[in-house]
Amino acid sequence: MTTRFPACQRQFVGLIAFAAVLSVNHHLFAQTENPPPPTAPVSDVAVAPSSPTPAEPAAVSPTIEERLKALEQKDAGKATRIEELESTVAALNEQLAAADNDGSEDRKLSAWGFFDLTLGKSFYDNSRALYASGTPRYASFMSNGINVYVKSEMTKTLSAMVETRLTYTPVGLDTDIPRMVYVDGKYLQTDGTFAREQTLYRTPYSYFSYHQHGVFIERAHVDWKPKDWFGIRLGRYLTPFGIWNEDHGSPVVLGVDMPNLINFALVPIHQMGLQIYGNRLLTDNLNLEYAVTLSNGRGPIDEYKDLDNDKAIGLRGKLVYTSDDLFMRLGGYAYTGRYTDRREEYYIYLTPNFGLDRSQPVPLSSASPTTESYRETIGTLDALVQFKGLKVMAELAHRRVIYSTAPLMNAQGALLNNVPYGTHIHAANYTGIAYYALAGYEVDLGESLGNVKVTPYVGADHLSPDQTMPFLDMNQYRFGINIKPSPYITNKLEAMRLVPKAPEMASKMWLLVAQTAVSF
Amino acid sequence: MQPTKSLLVALLIALSPVTIASAESSEIVVVVNKANSVTSLNKAQLSAIYKGKTTEFPNGNSASAVNLPAENPTRQEFDKAVLNMSSDDCKRYWIDMKIRSGAGAPPKLASVSAVARHVAKTPNAIGYVLLSDATGLKVVARIRAGALVGP
């Protein structure tokens, strides 16, 4: 094996070797019983013949010992200098390494994300049940999308973050706005039928649905947070309620399938508007978090347009207790807002010659009659306890809907409510409720097995989305195992038993799902 | 040498001033800038700062924590003593936090001496260093035998 020395070390080694040679010579001379008196230094002897100057008298020439001492001192000085230089180089290297991340207030841009691959298959007790047609009958691979985060920290108190989910479907649009045509003041005909291109997407293994816009924006907000207890968030954000909605990413949540209070969106999952939030340490172990939300509220196109002037408000409170072995949190969220849907119409008044009828007060006009409007009031509760490896969580959501403009009840609902076929009735005010509980126990397999974390879990879920349509009620039971072989990978295997209340609507079924979620 | 004598010699060596000084100099201390009015921090307060639960010292002043790389032994000892977490646990914690809320881990500096220099020049900074590197800094907590103790 060859030992390599840096240049400065090689120089140092050379000097030591030179000093050692001199030292050996010195010892050789010293060991001679009667050494000849040195008339001149060795070097002087070497140069003497070529020098016309007479040799220095021996009395003023340094002795070998003196020269050796001088050289040794020189060596020592160089060694010290080398040490100083090495220390300087090390310090500069540290500064260089820290230059990109020195905790300063310069803007920082970071990106990260996650995605998953899921394989699932459902098994129906009655394969011809009505809802079987809308759920996957065949084993299928699918992905919930790729969530990409980008965050910019402009200053210590100002930041902006965007979380997008990359998807593949087209953008929705209001199309074919009806044209009511009047001739000579008399109604002639209506051209077109108002339609909203259907871009509502429902994941194959759940009822969770949302509009696909190609790139689905989960959240995009700017935050100014000068103090722990006060921050302002502007933009689109995840509604600050519960546990699942906060966790929301497949690498973080314990199970595969979302709870039904998320699937059926008893609470708006996202909101567009502003949020004031903060936290306060009440004691060293107890933290109070709060949020006040003001937004467009729920609506058919609430991401970019509110169809009424009624803004939704919400209030979140959460207490978090943390100690060495115990973690507990208890939270609640209250929300009230108005949902309004409208259609857009143009009115065109023409003369008998099909010119613009200027005798009308407003020959060209538009209107946006309400097609559906209701006020919803929602309350949620959530609790989580973690003690060593044990984790137990539960959430409840209660929703009350009061219509001011009720839509027609869908044919399926009317039929199952014993309304004669073909009879149109309007939907009634209703209450919905959903809750779930989930418990798991995390086992660390230890260093010898790569610190793999294994969490078996069980859970139960109840849904009653609309008490006027009890046939939609259902219970779900699940068990599974969550395996984290590395901080970046989460594998899950889950079996779920779905028990609907109305067998004519949906069959009992088993759903088996395997998922690998990746953080990057 | 008889076993008793060997034990006695070992004990004397272990208790010698040189050994004690060496153990003290390799002790991990949590430090803040000299100008910081904070005098001590307990485990819960440090945990809250290093887990991103608060960005303030108990006196309400802004706290800017800095970390060492995950593979640094000083960081690993600090994580165990203050956060009850292994290196992997910390990674998981911050991956989860980023997915949940976008919150990021404290910035990392390359070495203990870089942390010492950063804390020395930044009034609201907090970090942890070896005692031998804490010259000119205010010690607010110490890690002894894997446990956090007062300054």
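Residues numbered from 1 in each chain as written. Chains lettered and ligands numbered in written order. Predicted model: local features only at pLDDT ≥ 70, side-chain atom pairs only at ≥ 80, totals over all residues. Heavy atoms only, no water.

**Student:** Is there a simple way to think about the overall build of chain A in this case?
**Tutor:** Broken down by element type, chain A carries six helices and 26 strands. For chain A, buried positions account for 39% of its 520 residues. Across chain A, the fraction of contacts at a sequence separation of at least 24, relative to all contacts at a separation of at least 6, is 63%. Summing over all exposed atoms, chain A offers an accessible surface of approximately 28,300 Å²; the carbon and sulfur share of this is 62%. (Helix = DSSP H or I, 4+ residues; strand = E, 2+ residues; numbered from the N terminus. Buried < 20%, exposed > 50% of the residue type's maximum accessible area, 1.4 Å probe, protein only. Contact = heavy atoms within 4.5 Å. Areas by Shrake-Rupley, 256 points an atom, 1.4 Å probe, with all protein chains shown as cover.)

**Student:** What exactly am I supposed to notice about the packing of aromatic side chains here?
**Tutor:** The geometry of an aromatic ring pair is captured by two quantities: the separation of the ring centres and the angle between the planes. Residues and elements named next belong to chain B. In total, this model carries 16 aromatic pairs over all chains according to the counting rule given. On the numbers, 4.0 Å between centres and 10° between planes, the contact of Phe 78 with Tyr 128 is stacked. Here Phe 78, found in helix α4 (residues 73-83), pairs with Tyr 128, found in strand β3 (residues 125-130); they are 50 residues apart in sequence, far enough to count as distant. The two residues Phe 78 and Tyr 128 agree in class, both being buried. (Phe/Tyr/Trp six-rings, centres within 6.5 Å; stacked < 30°, edge-to-face > 60°.)

**Student:** How should the side chain of A:Asn263 be read in this particular structure?
**Tutor:** As for its position among the elements, A:Asn263 is in helix α5 (residues 260-263). A polar atom in the side chain of A:Asn263 sits 3.3 Å from the side chain of A:Asn260. (Polar contact = N/O pair within 3.5 Å; in protein donor to acceptor, adjacent residues only side chain to side chain.)

**Student:** How should I be thinking about the confidence of the model for chain A in this particular structure?
**Tutor:** Parts of the model with low pLDDT should not have their predicted coordinates read in detail. For chain A, per-residue confidence averages 83 on the pLDDT scale, and residues scoring 70 or more make up 79% of the total. In the model, residues 100-105 of chain A has pLDDT below 50 throughout and makes 12 contacts with residues more than four positions away in sequence or in other chains. (pLDDT = per-residue confidence, 0-100.)

**Student:** Just to check I follow, could you spell out a nonpolar patch on the surface for this structure?
**Tutor:** All names here are of chain A. A cluster of nonpolar side chains, contributed by Met 328, Val 385, Phe 387, Leu 390, Val 392, Tyr 441, Val 443, Leu 445 and Leu 449, occupies part of the molecular surface with about 730 Å² of accessible area. Listed by contribution, the elements that provide at least two residues to the nonpolar patch are β19 (370-387) and β20 (390-405). Structurally, the position occupied by Met 328 is in strand β16 (residues 326-342). Judged by its relative accessible area of 34%, Met 328 falls in the partly exposed class. (Patch = residues over 30% accessible without salt bridge, like charges linked within 9 Å, V, L, I, M, F, W, Y side chains within 5 Å. Salt bridge = Lys/Arg side-chain N within 4 Å of Asp/Glu carboxyl O.)

**Student:** It is not clear to me how the interface of chain B and chain A should be interpreted in this structure. Could you clarify?
**Tutor:** Interfaces are frequently sized by the accessible area removed from exposure as the parts join. Each side of the interface is counted separately: chain B has 33 residues, and chain A has 38 residues. Across the chain B to chain A interface the summed buried area is about 2,900 Å²; carbon plus sulfur atoms make up 47%. For the chain B face of the interface with chain A, the top three residues by lost area are B:Arg92, B:Ile99 and B:Arg100, together amounting to 25%. Of the charged contacts in the structure, one is a salt bridge between A:Asp324 and B:Lys43, with a shortest N-O distance of 3.1 Å. Taken together, chain B and chain A are joined by 19 residue pairs in polar contact (both at pLDDT 80 or more). (Buried area = accessible area lost by both parts, 1.4 Å probe.)

**Student:** When you look at the sheet that holds β3(B) in this model, what are you seeing that I'm missing?
**Tutor:** Strand-to-strand pairing in sheets goes through backbone hydrogen bonds, with the strands running parallel or antiparallel. All names here are of chain B. Sheet architecture is open: five strands sit in the order β2-β3-β1-β4-β5, paired in mixed fashion. Because the sheet does not close on itself, it has two edges, and the strands there are β2 (64-65) and β5 (147-149). Here two bridges tie β2 to β3, and the two strands are oriented parallel to one another. Of the residues in β3, the one forming a bridge with Ala 65 is Ile 126. (Pairing = 2+ DSSP bridges.)

**Student:** Is there a simple way to explain the nonpolar core in this structure?
**Tutor:** A general trend in soluble globular proteins is that nonpolar side chains are found buried together. Counting residues in hydrophobic clusters, the biggest one holds 41 residues, and the most contacted among them are B:Val30, B:Leu46 and B:Ile126. Of all elements in the fold, only β1 (28-32), α3 (43-50), α4, α5 (87-101), α6 (112-121), β3 and β4 (138-144) of chain B reach the threshold of two or more residues within this core. Residues within four places of B:Val30 in sequence aside, it is in contact with B:Leu46, B:Phe78, B:Ile126, B:Gly127, B:Tyr128, B:Lys138, B:Val139, B:Val140, B:Ala141 and B:Leu148. Grouped together as the second largest cluster of nonpolar side chains are 36 residues, A:Ile262, A:Met393, A:Leu463 and A:Met496 included. (Core = buried A, V, L, I, M, F, W, Y, C linked by side-chain atoms within 4.5 Å.)

**Student:** I tried to follow the sheet that holds strand β6 (residues 179-183) of chain A on my own but got confused; where do I start?
**Tutor:** Residue and element names in this part refer to chain A. With mixed pairing, the four strands of this open sheet are ordered in space as β7-β6-β17-β18. Looking along the sheet, the strands with just one partner apiece sit at the ends: β7 (186-191) and β18 (364-367). Along the sheet, successive strands turn relative to each other by an average axial angle of 25°, direction set aside. (Axes fitted to C-alpha atoms, helices over the stretch in contact; angles between N-to-C directions.)

**Student:** Which parts of the structure should I look at to understand the pattern of salt bridges?
**Tutor:** Working definition: two side chains of opposite charge can pair if their charged atoms are close together. Counted by the stated rule, this structure contains 25 salt bridges over all chains. A salt bridge links A:Glu376 to A:Arg298; its shortest N-O distance comes to 2.8 Å. On the criterion of sequence distance, the pair formed by A:Glu376 in strand β19 and A:Arg298 in the loop between β14 (286-295) and β15 (312-322) is long-range, its members being 78 residues apart. You'll find A:Glu376 and A:Arg298 in the same group, each marked buried. Among the ionic pairs, B:Glu27 bridges to B:Arg142, the shortest N-O distance being 2.7 Å. In this pair, B:Glu27 is assigned in the loop between α2 (17-25) and β1 and B:Arg142 in strand β4, connecting sequence segments 115 residues apart. Exposure class is identical for B:Glu27 and B:Arg142. Each is buried.

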